[in-house]
Amino acid sequence: MAINTWWSGEPSERFWVEITQRSNVGEDLWAPKTDQSGRPYWGYELLTYTRPGDVVFHWHKHLLGTPALIGWSVIAGPVRDAFEEWQPRGTYGRAALSQGLRPVWQVPLSGYTSLAKPVTEADVRSLEAELRDSLSDAGTDQGGPLYFPFAFSGKRPVRAAQTYFTKWPKWLNRVFGLAEAVAAASVPLPDIVTRADQGLTAGTHRGRARSVGAGYITDAVLRTAIEMRAVEVATAWYESAHYSVEYTGTNKPYDLVARNGDVERRVEVKGSTRAADKVVLTRNEVLNAREDFEPVDLFVVDGITVERRMDGSPFAAGGRSRRWVAWSPIDEDLQVTQYSYTLPREGDDR
């Protein structure tokens, strides 16, 4: 069964929801690799699309005496294979016998935080009309299922989807006032630093990062993963501050445009696996910050963790974020690191 990855290419779509009645909420995520008939099932398979640093909301069926969104956690590592005894909780599942140990997917979580104001089933139902309208608008261009966390019916009020794991579109954060969890997307994972400046290694080491320049990394794919992690953190920060954010890094000398009413800011984003006290700027980035537009912000995310997935592709997570508002680099802070040299018309061809 092919998953419709409608969030692909949208760095800020990094939210999910677990629908559960487990007692150890926030400890980890886990689900069998197939349903009881041995077929793939999207409500389990979505676990394999999570990334370290993503935010998982937890919808609990009875912990507060009523179904409710009770808290959130941050994904702390990649999905891994394991074996668990799985007993589905639905009507069919309760009637079925346990099948013993089954291969499952597990995803570690960290930093469980209870919501100061849980979102109850009654809250969701009071917003049913707005949810229906927003979902209709959001689903027109997605080319397939959205894996929405709430189910609508003509016979009963809206309720949580009857599955284990779903996507949580970022616009739901606005509907339910979840800015605190949006900001969690930029919370760094605990004290893990990767030696990516020496070439990407198979694992990570714990320790204190050296304070150095952001530098160059030879692996282009790795460099892109680090850059996009920094963009994800910056996007989450500006969205939590009520800006709408547009990614412009593919065709402009700045990475983001953040808008809030009549206020428009250009944002230059830099990422590093080390503790950076210097960043590399292009000529156009300097000119944009100095002359072309005002205000321009500099947003730096350093201490980013990078590892390889089992298929060899890199993923990046964590990081410390800092922002310089209305930034304009001055000459004394700029250091020439290379020149463009025009070759003479004639040369010695010996």
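Because the structure is a prediction, the values reported are computed rather than measured.

Undergrad: How would you explain the packing of aromatic side chains if you had to name every residue and give the values?
TA: Taken as a whole and assessed by the stated rule, the structure comprises 21 aromatic pairs. Measuring from centroid to centroid gives 5.4 Å for W7 and W16, while their planes differ by 75°, and the two rings are edge-to-face. Considered together, W7 and W16 belong to a single accessibility category, that of buried residues. Judged by centre distance (5.0 Å) and plane angle (75°), the ring pair of W237 and Y238 falls under edge-to-face. A network of ring pairs unites the aromatic residues F15, F57, W59, F148, F150, F152, W168, W171 and F176 as a single cluster. Stacked on the ring of W7, the Lys or Arg K167 has its end atom at 5.3 Å from the ring centre. Its guanidinium or amino end placed over the ring of W16, K167 lies 4.2 Å from that ring's centre, counting from NZ or CZ.

Undergrad: Go over the nonpolar core with me, naming the residues and quoting the values.
TA: Grouped together as the largest cluster of nonpolar side chains are 43 residues, with contacts concentrated most on F57, L69, F150, W168 and F176. Taken together, the elements giving at least two residues each to this core come down to β1 (15-20), β2 (28-32), β3 (55-60), β4 (68-75), β6 (101-120), α4 (128-138) and α5 (171-176). Looking at this core element by element, the count peaks at 5 residues for β6. In contact with W168, not counting residues within four places along its chain, are E13, F15, W16, V17, F57, L69, P149, F150, N173, F176 and L178.

Undergrad: With reference to specific residues and values, describe the pattern of salt bridges.
TA: Under the definition given, this model contains 22 salt bridges. Note that D81 and K33 form a salt bridge whose closest N and O atoms lie 2.7 Å from each other. Here K33 lies in the loop between β2 and α1 (42-45) and D81 lies in strand β5 (residues 80-85), a separation of 48 residues in the sequence. One salt bridge connects R51 with E232, and the closest N-O pair in it is separated by 2.8 Å. Remark: E232 occurs in helix α7 (residues 220-240) and R51 occurs in the loop between α1 and β3; sequence separation between them is 181 residues. One network of salt bridges, with partners in common, ties together R14, R51, D54, R229 and E232.

Undergrad: I'd like a rundown of the side chain of E18, residues and numbers included.
TA: If you trace the backbone, E18 turns up in strand β1. Judged by its relative accessible area of 1%, E18 is buried. A distance of 3.2 Å separates the side chain of E18 from the side chain of R22, its partner in a polar contact. Dropping the residues within four chain positions of it, E18 is found in contact with D28, L29, V56, F57, H58, W59, Y164 and F165.

Undergrad: Give a description of the confidence of the model for the protein chain that names residues and reports values.
TA: For the protein chain, the average pLDDT comes to 79, and 78% of its residues sit at 70 or higher. Of the regions scoring below 50 in pLDDT, residues 90-98 engages in 13 contacts with residues more than four places distant in sequence or in other chains.

Undergrad: Explain the environment of D54 residue by residue, including any values.
TA: Position of D54 among the secondary structure elements: in the loop between α1 and β3. The buried category is assigned to D54, whose relative accessible area is 1%. A sequence separation of 264 residues divides D54 from G318, and the C-alpha atoms of the two residues are 9.6 Å apart. Setting aside residues up to four positions removed in sequence, D54 forms contacts with R14, W16, S73, V74 and I75.

Undergrad: Talk me through the sheet that holds strand β13 (residues 244-247); I want residue IDs and the actual numbers.
TA: In spatial order, the strands read β13-β14-β15-β17-β20; together these 5 strands make up an open sheet with mixed pairing. Across the chains shown, the open sheet's two edge strands, defined by having one partner strand only, are β13 and β20 (320-324). Each strand axis lies, on average, 25° off the axis of its neighbour in the sheet, ignoring direction. Note: strand β15 (residues 263-271) against strand β17 (residues 296-302), 6 bridges, orientation parallel. The partner of E268 across the bridge, within β17, is L298.

Undergrad: Describe the side chain of E13, and please don't skip the residues or the numbers.
TA: Here E13 shows up in the segment before β1. The buried charged residue E13 lacks any salt bridge, with K167 as its nearest oppositely charged partner at 4.8 Å. There is a polar contact of 3.0 Å between the side chain of E13 and the backbone nitrogen of K170. Beyond its immediate stretch of four places on either side in the chain, E13 contacts W6, W7, K167, W168, P169 and K170.

Rules behind the numbers
- Residues numbered from 1 in each chain as written.
- Predicted model: local features only at pLDDT ≥ 70, side-chain atom pairs only at ≥ 80, totals over all residues.
- Heavy atoms only, no water.
- Phe/Tyr/Trp six-rings, centres within 6.5 Å; stacked < 30°, edge-to-face > 60°.
- Buried < 20%, exposed > 50% of the residue type's maximum accessible area, 1.4 Å probe, protein only.
- Lys NZ or Arg CZ within 6 Å of the ring centre and 35° of its normal.
- Core = buried A, V, L, I, M, F, W, Y, C linked by side-chain atoms within 4.5 Å.
- Helix = DSSP H or I, 4+ residues; strand = E, 2+ residues; numbered from the N terminus.
- Contact = heavy atoms within 4.5 Å.
- Salt bridge = Lys/Arg side-chain N within 4 Å of Asp/Glu carboxyl O.
- Polar contact = N/O pair within 3.5 Å; in protein donor to acceptor, adjacent residues only side chain to side chain.
- pLDDT = per-residue confidence, 0-100.
- Pairing = 2+ DSSP bridges.
- Axes fitted to C-alpha atoms, helices over the stretch in contact; angles between N-to-C directions.
- Lys, Arg positive; Asp, Glu negative; His and termini not counted.

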